[in-house]
Amino acid sequence: MDIEEWKSQIKRGTLEFCILQMIDGQSLYGYEIISRLEVWPILAARESTIYPLLRRLLKEGFLSSYWQETTEGLPPRKYYTITEHGRAYLKAMSCEWENLLAAVSAVKDTPCGRTKGEMIDGSDTD
């Protein structure tokens, strides 16, 4: 596996979390979400990734949507908002995210990923 495949796997697992975080602060339309994610290249995603994800989040009740006319004479835009069910899900995801970050940091900061007192052959020194 190369680094691009690894980055792709990481992105798939975190886009949903990031999108819910973004929408929790304000209603956004699809292209706006795509544009905001482009600020972070590792999170940048195409329409073919974002729109199916938004449809799934709608279907699961984590998001709701509404259409709004534009003032520029452009077609109406579909805005997404987070539901109470979505906020509860986001809260649970945030807790798990913090647990994951703490565990990854602990593993990263432990020489060779060993627990304290563990030797290379797996035997304990305690």
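Residues numbered from 1 in each chain as written. Predicted model: local features only at pLDDT ≥ 70, side-chain atom pairs only at ≥ 80, totals over all residues. Heavy atoms only, no water.

Draft legend 1. Region of the structure containing the confidence of the model for the chain. For the chain, per-residue confidence averages 89 on the pLDDT scale, and 89% of positions sit at 70 or higher. Per-element mean pLDDT across the chain ranges from 90 in helix H1 (residues 3–25) up to 98 in strand E1 (residues 28–29). (pLDDT = per-residue confidence, 0-100. Helix = DSSP H or I, 4+ residues; strand = E, 2+ residues; numbered from the N terminus.)

Draft legend 2. Region of the structure containing the packing of aromatic side chains. Following the criterion strictly, the structure yields four aromatic pairs and no others. On the numbers, 4.1 Å between centres and 10 degrees between planes, the contact of Phe62 with Tyr89 is stacked. Within this pair, whereas Phe62 is found in the loop between helix H3 (47–59) and strand E2 (63–68), its partner Tyr89 is found in helix H4 (residues 84–109), the two being separated by 27 residues in sequence. Following the ring pairs from residue to residue traces out a cluster consisting of Tyr29, Tyr66 and Tyr79. (Phe/Tyr/Trp six-rings, centres within 6.5 Å; stacked < 30°, edge-to-face > 60°.)

Draft legend 3. Just the sheet that holds E2, in detail. Taking strand neighbours across the sheet as the criterion, the three strands line up as E1-E3-E2 in an open arrangement whose pairing is antiparallel. Strands with a single pairing partner mark the edges of an open sheet, and in this sheet they are E1 and E2. Note: E1 against strand E3 (residues 77–82), two bridges, orientation antiparallel. Paired with Tyr29 across the strands is Tyr79, a residue of E3. (Pairing = 2+ DSSP bridges.)

Draft legend 4. Fine view of H1. Helix length check: H1 (23 residues) gives 32 Å between terminal C-alpha atoms against 33 Å at 1.5 Å per residue, within 8%. A maximum bend of about 40 degrees is found in H1 at Thr14. Along H1, the residues that are buried comprise Thr14, Leu15, Glu16, Phe17, Cys18, Ile19, Leu20, Met22 and Ile23. Residues of H1 that are buried make contact with E1, helix H2 (30–37), H3, E2, E3 and H4. (Expected span 1.5 Å × (residues − 1). Bend = angle between axes of the 7 residues up to and from the residue. Buried < 20%, exposed > 50% of the residue type's maximum accessible area, 1.4 Å probe, protein only. Contact = heavy atoms within 4.5 Å.)

Draft legend 5. Molecular detail of the pattern of salt bridges. In this structure the tally under the stated criterion is seven salt bridges. The partner of Glu5 in a salt bridge is Arg12, with the nearest N and O atoms 3.9 Å apart. Relative accessible area serves as the criterion here: at 34%, Glu5 is assigned to the partly exposed category. Under the relative-accessibility criterion, Arg12 is labelled exposed at 56%. The salt bridge involving Arg56 is made with Glu60; its shortest N-O contact spans 3.1 Å. Residue Arg56 is classed as partly exposed on the basis of its relative accessible area of 32%. You can call Glu60 partly exposed: its relative accessible area is 37%. (Salt bridge = Lys/Arg side-chain N within 4 Å of Asp/Glu carboxyl O.)

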